[in-house]
Each structure stands twice: as C-alpha cells, then as structure tokens.
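Chain residues, written in single-letter form:
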Amino acid sequence: MFNKRVKIKDLLAAEPKNEEVIVMGWVRTFRNNQFIALNDGSTNNNLQVVVELGLFDEALLKRITTSASLKVTGEVVASLGKGQKLEVKARSIEILGDSDGEKYPLQPKKHSLEFLREKAHLRFRTNTFSAVFRVRHSLAFAVHKFYNDKGFVYLHTPIITASDAEGAGEMFKVTTLPFDNAPKNEDGSINFKEDFFGRATNLTVSGQLEGELAATALSEIYTFGPTFRAENSNTARHLAEFWMIEPEMAFYDLEDNMNLAEEFIKYLIRHAIENNKDDLEFLAQRLDEEEKQKPQAERSEMGLMEKLEFVINNNFERITYTEAIDILIASPAFKKKKFKYDVKWGIDMQSEHERYLVEKHFKKPVIVTGYPKEIKAFYMRQNDDGKTVAAMDILAPGIGEMVGGSQREERLEKLEERMREMHIPVEEMWWYLDTRRFGTVPHAGFGLGFERMVQFVTGMTNIRDVIAFPRTPKNAEF
RNA sequence: UCCUCCUUAGCUCAGUUGGUUAGAGCAUCUGACUGUUAAUCAGAGGGUCGUUGGUUCAAGUCCAACAGGGGGAGCCA
C-alpha cells in the first residue's frame, strides 16, 4: 500500500506534531552519514530525514546514494539543526531502488543546462527542471481556467491537416506510402490518391483556420495543442514541435483582441506568482547568480520576480507600426548606424529593432498594430488606408514575439481578392470561405507560443529548457 | 541555412612560442569524523585530448574536412 504516504510539500507546510508518517522520494544528498535530503517532486524543498547512529546496518546506509529511491517511516519532529523547521526521525528505511553512484550521471552540484539537455530523461531530478515543469503545469492549468471562466469552448483542432494554405512555414509530411517505392503519376510526381487519406497531408502549423469555423458558431473558442514546423531553425526560441494557444472570438475587433491578450498574459503570470512562489523564487535566485557572471553592462535591470510584478502592474505599451518605425528612425541607435538592417516604412522589423523598442525604448511589453499588408498573412482585415492590416503582435523583453494576432477579414470579396494576390488557392479553401458566405461576422484572434510564455515566467533563456523533450533539427532523442 | 566560438577524467575547467610520464576542483571508491545544509578531513582509482586525414624528427597544441554543442542572425510562435 503506497497511498498512505505523505507528500513532502504537505508535510513541510504543517506543524511538527510528533506523529509517525510514511514518506517516499529520491535522495538528493546524504550528508554526514546522518542526514538524507529527500525530494519527491511535490516541492522544490527537500525533507531532511535524520538517521540516528547505530540504528541501521552499515550495509543499508551504503545504499543511500544520490537518486536512490526510499520509503521512510518515522516521526515528524521539530528540527534541531538550522535550515529547516522540521525533519523526520527515521524508524525504518526501505530502499525501493538502488542508484549506483559510479554510474548515475548527476551529482549534488551545479550542472550546466547544456549538459542536462543531453540528460533530458534525468533532468527532472534537478531543482531547476522540477521547478520549471511545475511552473509549466501551473501555466497550462491557468490557460484552461482563464478561458473556461470566460465561457470559451476548448476546441481540439486536428493534428493532421490537408491544408497548407496558411503558409506559416515548412511542414512535416504525413504519409503511409513507402519511401523507396511510392506510387507515381504519369508525370513522375507522387500519386497521393493512393495514400492513407487519399491526398497529401501534413502535421498542423496552426489551428487557426479551423478555430475560425468554430468561433463563427460558438462565438468564443480556444485551442491549446501541439504545433509543428519543419523549419531548420537553430535558435534558443524555436522548436520543431511546440504548444500554442489560439483563441478565436466572434464579435471582437482588434481592440477587444488586444485587451483579451493583455488580460490573458497578466492572468497567467499572476496565477504563477500565486501558486508557484517557491519555484519562482528558486528560479529567480538561479537567474541572479547567472547574471552575476555577466559583465555589468549586459545584466538585466530587474530580477525575475520584479519583472513579473512590473508586467502585471503596468499597461502594455500600444503603438502602431508606423509609430514604431518613427521611433526607430529617431533613435540614437539608428543615427549611430548601430542597426545591421535598414529601417524604413514597409520593412519587416528585425529582432534588433523589436529588441530596441521593447528592451531599450519602452522597457516593457509592447503591442504593435497596423502592419503593412505585404508582410502579413492573407486573412488579416484590411484597413481603410489600403496599405495596412488590423494585425497585432505582442513583443516581450527577452523573448521577442510572444503573441501574433489580428482582426480577421470578414468581407468575402476583400478576402478573395487578397487570396488571389497572394496566390492562395481560393477553390481549395471553399470551407473557410463559407464562413464569410453564410452569416459572416467581425471576428478576431491570436496565437500565443506556450513555451515562450513559460520562458518569460521562469526566466529560462533557452526554449529547449522549458519543454520536457525538445524537438529541434537533428535532435529527437528521448 | 549563414556568421562566430567551443569540444582535454563522470562534471566544470587549466594545459606556455609544438618537446619527456597531460593537471586541478568536484564526483566516485577506501578510511576517519558525527547536528550536517553542495558537510568536512586523509588516501586511491579514473584520460586512445570529438572523429578522420595532413604538416613535422616530434601534435592536446598547427592545417583541413566531418560530427556534436554554445552564442548571434534568418524564418517564426
């Protein structure tokens, strides 16, 4: 019977009442042949288990090694030592699983994140990663709570799709055809009529188009699922498989959309602060130590907790694309020719430009609206000026683009015209266009990259460290 | 994919203008100690120096290619 165990989190939160308890967990360190730091993942804090002298066999004590799993029965008492309020005086210790100290790769010391990335199957057993994944869970839960409380419907959009119309990037092909002997058409191309679905299919790059179909009946929906991009991106902020949240709302204009996105981000951060205080404080401390290694000029001005508090207590800056370009052109960085890429109206802003706006000029999240239509997707609503669309991107310090969204083009003729201009196959998209043919309504939505949100909240600088098993070019181990 | 840096013990790293037997801390093992907080102290074991090829009397050190990783960029969320 295992379920009589007390979770370490609950045990540490209570007062010591000299009761006997059962605890189970993994050994973090065994100090002085007398003190076991035991962790069961329920909290970042370890339970100190005290082994009284002479009470246990030498042979048993030798087996209490880093990462061995234990079942401990003992009395909860006030701690004699400093550093913890209470501890468990062991009456019996059962080794559930040995851990050979010679072979176990992690030690009770600081490891580099790069090293741990290569040990992704064991990195959950470190303070940093257990904290990150508890925060990640908490944020995922908060996503559902936020939308549920607002009456949104959680929509499961397909993972496998035939549509590649959005043009959001290279796609992974899904097929059951044999690689070496695929059926061919007369012109030598592959005959997908013989494939599993009778047509070429891919892994989804976005659930938005399907989301719009549901939103134009259920009013407010959101999706939260995996998304796949076969781009050869080797950066600290890209994954080939990542999770995205895409709300889609009927009867919302661009401003409603911005308000929702800002409220959503602040809600997630607040939820984490309220529910993951210990983990965030640990991560903040970790980050502080990392910052100390950097030269003074590169250090961030705010600690993690400070940054999160600042974001939830201040309004996001809202500017138009045109204003953004004006700010960049007027900036000292531009005048001193510090930018590698030129700035003028019509450009797709580069990372350096976005970072200047967010990290140097405004020093807080910025919502940029009204981008030139040439650099944005076909479905975005065209503004009256004929040049811009009702797009909005939310740029966050250290992360870049966290949210990308828009009011959607609900006018059939305008939409079809734009699709033809951008060589989107209008006929294939008949199902999407039907929403504009039958009872079309103004609507809007956005996509939020979940891992980037987790990065922002945990302060982790590499996206590969906020997803359990990262999928990146040349890496699908575990 | 491009630019750039890196790859030496299980981990983090040192290794001089190319020159004998490649070092340190931590970890591991053995022993000591026993209210410790990444415990401490003493001793021991542990390396085809990323791979392949080249230059040289001699390569961890110089050159090339490849592989893996970091940082930056592009694409994007």
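Residues numbered from 1 in each chain as written. Chains lettered and ligands numbered in written order. Predicted model: local features only at pLDDT ≥ 70, side-chain atom pairs only at ≥ 80, totals over all residues. Heavy atoms only, no water.

Draft legend 1. Layout of the overall build of chain A. Broken down by element type, chain A carries 14 helices and 16 strands. On the principal axes, the C-alpha backbone points of chain A span a range of 85 × 60 × 45 Å. For chain A, with 478 residues in total, the buried portion stands at 50%. With the model as given, the accessible surface of chain A reaches about 24500 Å², and the carbon-plus-sulfur share is 50%. Computing the positive centroid from 65 side-chain charges and the negative centroid from 74, chain A places the two 5 Å apart. (Helix = DSSP H or I, 4+ residues; strand = E, 2+ residues; numbered from the N terminus. Buried < 20%, exposed > 50% of the residue type's maximum accessible area, 1.4 Å probe, protein only. Areas by Shrake-Rupley, 256 points an atom, 1.4 Å probe, with all protein chains shown as cover. Lys, Arg positive; Asp, Glu negative; His and termini not counted. Charge placed at Lys NZ, Arg CZ, Asp CG, Glu CD.)

Draft legend 2. A look at the sheet that holds strand β7 (residues 160-161). In space, the three strands of this open sheet follow the order β7-β9-β8, with antiparallel pairing throughout. Two strands bound the open sheet, and with one partner strand each, they are β7 and β8 (173-174). Where β7 and strand β9 (residues 201-203) come together, two bridges link them in antiparallel fashion. If you follow Thr161 over to β9, its bridge partner there is Asn202. (Pairing = 2+ DSSP bridges.)

Draft legend 3. Fine view of the pairing of strand β14 (residues 388-396). Of all the nine residues making up β14, nine are buried; the element is thus mostly covered by neighbouring parts of the structure. As defined by bridge partners, strand β13 (residues 366-372) adjoins β14 across six bridges and the pair is classed as antiparallel. Following the sheet pairing, Ile367 is matched in β14 by Ile394. Hairpin connection of β14 to strand β15 (residues 400-407): three residues between the antiparallel strands, including Gly398 at a positive phi of 80°.

Draft legend 4. Structural context of the packing of helix α4 (residues 127-149) against helix α7 (residues 277-292). Where α4 meets α7, the axes come as close as 9 Å, and the angle between the chain directions of the two elements is 130°. Between α4 and α7, the crossing angle belongs to the class labelled oblique. The chirality of how α4 crosses α7 is left-handed. For the pair α4 and α7, the contacting residues are Asn127, Thr128, Ala131, Val132, Arg134 and Val135 in the first and Asp279, Leu280, Phe282, Leu283 and Arg286 in the second. Of the residues in the contact of α4 with α7, the class split is six nonpolar, two polar and three charged. (Axes fitted to C-alpha atoms, helices over the stretch in contact; angles between N-to-C directions. Parallel < 35°, antiparallel > 145°, perpendicular 65-115°, else oblique. Left-handed = near helix turned anticlockwise from the far one by under 90°. Contact = heavy atoms within 4.5 Å. Nonpolar A, V, L, I, M, F, W, Y, C, P; charged D, E, K, R; others polar.)

Draft legend 5. Focus on the packing of aromatic side chains. For the coordinates displayed, the defined rule picks out 20 aromatic pairs. Look at Tyr147 and Phe264: their rings are 4.8 Å apart centre to centre, the planes differ by 50°, and that puts the pair in the tilted class. You can see Tyr147 sitting in helix α4 and its partner Phe264 sitting in helix α6 (residues 254-275), a full 117 residues away along the chain. Exposure class is identical for Tyr147 and Phe264. Each is buried. Both rings, one in Phe378 and one in Tyr379, keep their centres 5.4 Å apart while their planes meet at 75°; by these two values the pair is edge-to-face. Looking at Phe378, the relative accessible area reads 1%, which means it is buried. Exposure remark for Tyr379: the relative accessible area of 6% places this residue in the buried category. An aromatic cluster of at least three residues, connected via ring pairs, comprises Phe146, Tyr147, Phe152, Tyr154, Tyr222, Phe264, Tyr267 and Phe446. (Phe/Tyr/Trp six-rings, centres within 6.5 Å; stacked < 30°, edge-to-face > 60°.)

Draft legend 6. Quick peek at the layout of surface pockets. In this structure, the second largest pocket occupies an estimated 950 Å³ of space. Along its surface, the second largest pocket is lined by 41 residues, and Lys109, Lys110, Asn127, Thr128 and Phe282 are the ones closest to its centre. In terms of residue count, the dominant contributor to the lining of the second largest pocket is strand β1 (residues 20-31) (five residues). Looking at the lining of the second largest pocket, its residues break down into 13 nonpolar, 16 polar and twelve charged. (1 Å grid on protein atoms, 1.4 Å probe; cavity = no way out; pocket = protein on both sides within 12 Å on 5 of 7 lines; lining within 4 Å. Points joined across faces, edges and corners; volume = space filled by probe spheres on them.)

Draft legend 7. Seen up close, helix α8 (residues 304-313). Buried within α8 we find Leu304, Met305, Leu308, Val311 and Ile312. When α8 is viewed along its axis, its buried side chains cluster within an angular range of 130° and face the same direction. (Arc of directions from axis to C-beta.)

Draft legend 8. Looking closely at helix α12 (residues 412-421). Taken as a whole, α12 has its buried residues at Leu415, Glu416, Arg418 and Met419. Projected down its long axis, α12 carries its buried residues within an arc of 165°, all on one side. When the buried face of α12 is taken as reference, the exposed residues oriented beyond 90 degrees from it are Glu413 and Arg420. As for α12, its buried residues are in contact with α13 (430-437). His423 occupies a position one or two residues after α12 and carries a positive phi of about 60°.

Draft legend 9. Local environment of unusual backbone geometry. In this model, Lys337 sits at a positive phi of 55°, which is unusual for a non-glycine residue. When you line up the elements, Lys337 lands in the loop between α10 (332-335) and α11 (351-362). Positive phi is not limited to glycine here, since His423 has a value of about 60°. Here His423 lies in the loop between α12 and α13. Since its relative accessible area comes to 70%, His423 is described here as exposed.

Draft legend 10. Local environment of the nonpolar core. Tyr147 and Ile269 are the most contacted members of the largest nonpolar core, which has 65 residues in total. Those residues in contact with Tyr147, other than ones at most four positions away along the chain, are Phe152, Tyr222, Ile245, Pro247, Leu260, Phe264 and Phe446. (Core = buried A, V, L, I, M, F, W, Y, C linked by side-chain atoms within 4.5 Å.)

Draft legend 11. Expanded view of the protein's contact with RNA strand B. The environment of RNA strand B is made up of 49 residues, and the closest members are Asn32, Lys82, Thr235, His238 and Arg452. If you look at RNA strand B and keep only atoms within 4 Å of the protein, 47% of those are sugar or phosphate atoms. Between RNA strand B and the protein, one listed contact pairs a base nitrogen with a backbone N or O atom of Gly81 at 3.0 Å. His238 places a polar side-chain atom, nitrogen or oxygen, 2.7 Å from a base oxygen of RNA strand B. Within the residue set of the surface near RNA strand B, elements represented by two or more residues are β1, α3 (113-117), β11 (241-250), α11 and β15. For the surface near RNA strand B, the class distribution of residues is twelve nonpolar, 21 polar and 16 charged. (Near = heavy atom within 4 Å. Polar contact = N/O pair within 3.5 Å; in protein donor to acceptor, adjacent residues only side chain to side chain.)

Draft legend 12. A look at the side chain of Arg286. Turning to its location among the elements, Arg286 is positioned in helix α7. By relative accessible area, which is 10% here, Arg286 ends up buried. Non-local contacts of Arg286, meaning those with residues more than four positions away in its chain, are made with Lys110, Leu113, Thr128 and Met460.

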